[in-house]
Amino acid sequence: ALAGLAAITAYLFVALRRLGYPFPVEWLESNSLVEVHRILAGRPLYTAPTVAYVPDGYPPLYFALSAAVARVLGVSYLTLRLVSLVSSLCCFALLARLVQRETGSLAAGAGAAGLFAAAYSVTDTWFDVGRVDSLFLALSIGALYAARWMRGTRGAVAAGVLLAAAALTKQTG
């Protein structure tokens, strides 16, 4: 549990330090920012490619959510990264709770979340990058949690809605 919490703390230290960095920290962040600009301008995301714009191959949910946040905070890499950071924190919380419920051990839950956080550097530090991946993963883990622990129609609907949202975030959903 302590090692897990240390890994989460290390992740937060790095992610929070680069949250407001005004330039892309990964090349696809620029594409995401263009998509958010298009939504806010009322322009379609999926059009025929031109010299000035080639649409990303991702479904619209991450961009729409980022655009909603951008209406409040302004359009910047900060907005995109904030959506990804919160999504990664949701992943930590969901994994911790899922493992804690399965094992009955809070320490095992913290260890599981920390193990995921410890993968930050070996995954090319994408957890907090302005891309679709962290939101996709949070929605997918949320669907797994709903399918495992929520009962009856409510659980089935929650799992289905979360899986549909995951598919609307990244095509592998």
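Look up: the structure comes first, before these words.
### Thoughts on the packing of aromatic side chains
In this description, a pair of aromatic rings is defined by centroid distance and the angle of the planes.
Right, so step 1: Taken as a whole, this structure holds 10 aromatic pairs when the rule is applied.
Right, so step 2: With a centroid separation of 5.7 Å and 75° between ring planes, the pair formed by Y62 and F63 is classed as edge-to-face. We note that Y62, like F63, is buried.
Right, so step 3: When the centroid spacing of 5.8 Å and the interplanar angle of 70° are considered together, the rings of F92 and F116 count as edge-to-face. One end of the pair, F92, is in helix 4 (residues 77–103); the other, F116, is in helix 5 (residues 106–118), and 24 residues separate them in sequence. The two residues F92 and F116 agree in class, both being buried.

### Structural notes on the pattern of salt bridges
Side-chain pairs of opposite charge can arise whenever the charged atoms involved come near each other.
Right, so step 1: On inspection of all chains with the given rule, the structure shows six salt bridges.
Right, so step 2: Residue R18 pairs with D128 through a salt bridge whose shortest N-O separation is 2.9 Å. Of this pair, R18 sits in helix 1 (residues 2–18) while D128 sits in the loop between helix 5 and helix 6 (133–149); the two residues are 110 residues apart in sequence, bridging distant segments of the chain. Summarising the burial analysis for this pair, R18 and D128 share the class buried.
Right, so step 3: A salt bridge links R131 to E26; the shortest N-O distance between them is 2.9 Å. Here the residue R131 occupies a position in the loop between helix 5 and helix 6, and E26 occupies one in the loop between helix 1 and helix 2 (28–40), the gap between them amounting to 105 residues.

### Describing the nonpolar core
Right, so step 1: If you look at the biggest cluster of nonpolar residues, it comprises 19 residues, and the most contacted ones within it are V36, Y58, Y62, F63, L80, V132 and L139.
Right, so step 2: Residue contacts for Y58: discarding those within four places in its chain leaves L28, Y46, F63, V132, T169, K170 and Q171.
Right, so step 3: Core analysis: the second largest hydrophobic core is formed by 17 residues, I8, L95, F116 and A138 among them.

### A look at helix 5
Right, so step 1: The first and last C-alpha atoms of helix 5 sit 18 Å apart over 13 residues, in line with the 18 Å expected at 1.5 Å per residue.
Right, so step 2: Residues G109, A110, A113, G114, F116 and A117 constitute the buried set of helix 5. Viewed end-on, helix 5 has its buried residues packed into an arc of 155°, placing them on one side of the element.
Right, so step 3: Where helix 5 is buried, its residues meet helix 1, helix 4 and helix 6.

### Focus on the packing of helix 2 against helix 3 (residues 61–73)
Angle between the axes and distance between the axes are the two parameters that describe a pair of packed helices.
Right, so step 1: At their nearest, the axes of helix 2 and helix 3 sit 9 Å apart, and the two run at 70° to each other. Relative to helix 3, the element helix 2 is oriented roughly perpendicular. Of the two elements, helix 2 crosses helix 3, and the hand of that crossing is right-handed. Of the residues in helix 3, those in contact with S32, E35, V36, I39 and L40 of helix 2 are Y62, F63, A64, S66, A67, A70 and R71.

### Some details on helix 1
Helical periodicity: at 3.6 residues per turn, an α-helix aligns residues three or four positions apart in one direction.
Right, so step 1: The end-to-end C-alpha distance of helix 1, which contains 17 residues, comes to 25 Å, matching closely the 24 Å that a straight helix rising 1.5 Å per residue would cover.
Right, so step 2: Buried within helix 1 we find G4, A7, I8, Y11, A15 and R18. Each buried residue of helix 1 sits inside an arc of 100° when the element is viewed along its axis, so together they form one side. Of the residues in helix 1, the exposed ones pointing more than 90 degrees away from the buried face are L2, T9, F13 and R17.

Calculation rules
Residues numbered from 1 in each chain as written. Predicted model: local features only at pLDDT ≥ 70, side-chain atom pairs only at ≥ 80, totals over all residues. Heavy atoms only, no water. Phe/Tyr/Trp six-rings, centres within 6.5 Å; stacked < 30°, edge-to-face > 60°. Buried < 20%, exposed > 50% of the residue type's maximum accessible area, 1.4 Å probe, protein only. Helix = DSSP H or I, 4+ residues; strand = E, 2+ residues; numbered from the N terminus. Salt bridge = Lys/Arg side-chain N within 4 Å of Asp/Glu carboxyl O. Core = buried A, V, L, I, M, F, W, Y, C linked by side-chain atoms within 4.5 Å. Contact = heavy atoms within 4.5 Å. Expected span 1.5 Å × (residues − 1). Arc of directions from axis to C-beta. Axes fitted to C-alpha atoms, helices over the stretch in contact; angles between N-to-C directions. Parallel < 35°, antiparallel > 145°, perpendicular 65-115°, else oblique. Left-handed = near helix turned anticlockwise from the far one by under 90°.

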